[in-house]
Amino acid sequence: MAIIHHTTLKPTKLDLLTTWLPTRPWYAGTGTPELTKAGGFRLDDPEGEVGMEFMVAVDSSGPEPVAYLAPLTYRAAPLPGADHALVGTMEHGVLGPRWAYDGIHDPVLRTELLALFEGRTQAQAQSLTDTPDHEVTHSYTGPGLPTGPGEVTEDQDGTGLTLPDGTVLRLHRRPRPTAPEGAAGQISGAWDAPDGTRARAVFATLHAARSAG
């Protein structure tokens, strides 16, 4: 169970994302984003070592606000071999130095995200300790999903993780209203839209391996 500490972070998570987002191929803006934390959820690390947050941040710098999905992991020490995935470092008021990573590159988050697809773990409220987030829904109808190393690719539409059996997990960095046709599974969630309504969309989907021939 992750314990949520209501304390200071220097720099803040939004400060880190403001610098990091424009470096991503799926960032739709043309300049420095103006970000607001709008929602998201957490997953628990069974070992209690790694913090995991799926943050929805809304960028208001352009003509229309754009919501971005940023899965982040927080560690007390650098993750070996993951310098390319480092979003930044912060000083936590209770826990001390924290290394923040793009979570799709973190094996702990990948394992727990697959468990969420299969219904073996529960999404947790973003800012409350030991409180399930029932707005997060999941579905999956295929065989057991393999854990282990996977190939991460990025393009203008988002991020893909190819699992050892060829299944592709797709992160929709700009959450989409519905899952793509043929998706074998999906995870959806909600956040506060700039107009005061509660927005809901698909955060991630699973796609079966393509048959050869």
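Residues numbered from 1 in each chain as written. Predicted model: local features only at pLDDT ≥ 70, side-chain atom pairs only at ≥ 80, totals over all residues. Heavy atoms only, no water.

A. Inspection of the overall build of the protein chain at higher detail. For the protein chain, the count of helices and strands is two helices and 13 strands. The C-alpha atoms of the protein chain give 16 Å as radius of gyration, which agrees with the globular expectation for 213 residues (17 Å, within 12%). A principal-axis box enclosing the C-alpha atoms of the protein chain has dimensions of 50 × 45 × 35 Å. Counting only contacts in the protein chain whose residues sit at least 6 apart along the sequence, the fraction spanning at least 24 positions is 56%. (Helix = DSSP H or I, 4+ residues; strand = E, 2+ residues; numbered from the N terminus. Rg over C-alpha atoms; globule rule 2.2 N^0.38 Å. Contact = heavy atoms within 4.5 Å.)

B. Broad picture of helix 1 (residues 13-20). Along helix 1, the residues that are buried comprise Lys13, Leu16, Leu17 and Trp20. What you see down the axis of helix 1 is that its buried residues fit within an arc of 95°, all on one side. (Buried < 20%, exposed > 50% of the residue type's maximum accessible area, 1.4 Å probe, protein only. Arc of directions from axis to C-beta.)

C. Structural detail: the pairing of strand 9 (residues 151-155). Bridge count for strand 9 against strand 10 (residues 158-162) is five bridges, and the pairing is antiparallel. By the bridge assignment for strand 10, Glu154 is matched with Thr159. Hairpin connection, strand 9 to strand 10: the antiparallel pair is bridged by two residues. (Pairing = 2+ DSSP bridges.)

D. Geometry of the pattern of salt bridges. All chains considered together, the criterion is met by 11 salt bridges. Between Glu53 and Lys37 there is a salt bridge; the shortest N-O distance is 3.5 Å. Taken as a pair, Glu53 in strand 3 (residues 51-59) and Lys37 in strand 2 (residues 35-43) lie far apart in primary sequence, 16 residues in all. In this structure Glu53 comes out as buried when scored by relative accessible area, which is 0%. Assessed through its relative accessible area of 37%, Lys37 is described here as partly exposed. Where Asp106 meets Arg75, a salt bridge forms, and the shortest distance between an N and an O atom there is 2.8 Å. In this pair, Asp106 is assigned in the loop between strand 6 (96-102) and helix 2 (107-117) and Arg75 in strand 4 (residues 66-75), connecting sequence segments 31 residues apart. Each of Lys13, Lys37, Arg42 and Glu53 takes part in salt bridges that share partners, so that together they form one network. (Salt bridge = Lys/Arg side-chain N within 4 Å of Asp/Glu carboxyl O.)

E. Region of the structure containing helix 2. The buried fraction of helix 2 amounts to eight of the 11 residues, a majority that puts the element mostly inside the structure. Within helix 2, burial applies to Leu109, Arg110, Glu112, Leu113, Leu114, Ala115, Leu116 and Phe117. Structurally, the start of helix 2 carries an N-cap: the backbone nitrogen of Val108 is 3.0 Å from a side-chain oxygen of Asp106. With its phi angle positive at about 80°, Gly119 sits one or two positions after the end of helix 2. (Polar contact = N/O pair within 3.5 Å; in protein donor to acceptor, adjacent residues only side chain to side chain.)

F. Expanded view of the nonpolar core. One finds Phe41, Leu113, Leu116, Phe117, Leu169 and Trp191 to be the most contacted residues of the largest nonpolar core, which totals 32 residues. Elements with a minimum of two residues in this core: strand 2, strand 3, strand 4, helix 2, strand 11 (168-176), strand 12 (185-192) and strand 13 (198-207). Not counting the four nearest positions on each side in its chain, Leu169 is found in contact with Ile104, Leu113, Leu114, Phe117, Thr159, Gly160, Leu161, Thr205 and Leu206. Counting 16 residues, the second largest nonpolar core, distinct from the first, contains Leu16, Leu21, Ala57 and Tyr74. (Core = buried A, V, L, I, M, F, W, Y, C linked by side-chain atoms within 4.5 Å.)

G. Representation of the environment of Glu181 within the structure. Take Glu181: it is sitting in the loop between strand 11 and strand 12. Taking the relative accessible area as the measure of exposure, Glu181 reaches 83% and is therefore exposed. With 26 residues separating them along the chain, Glu181 and His207 place their C-alpha atoms 9.6 Å apart.

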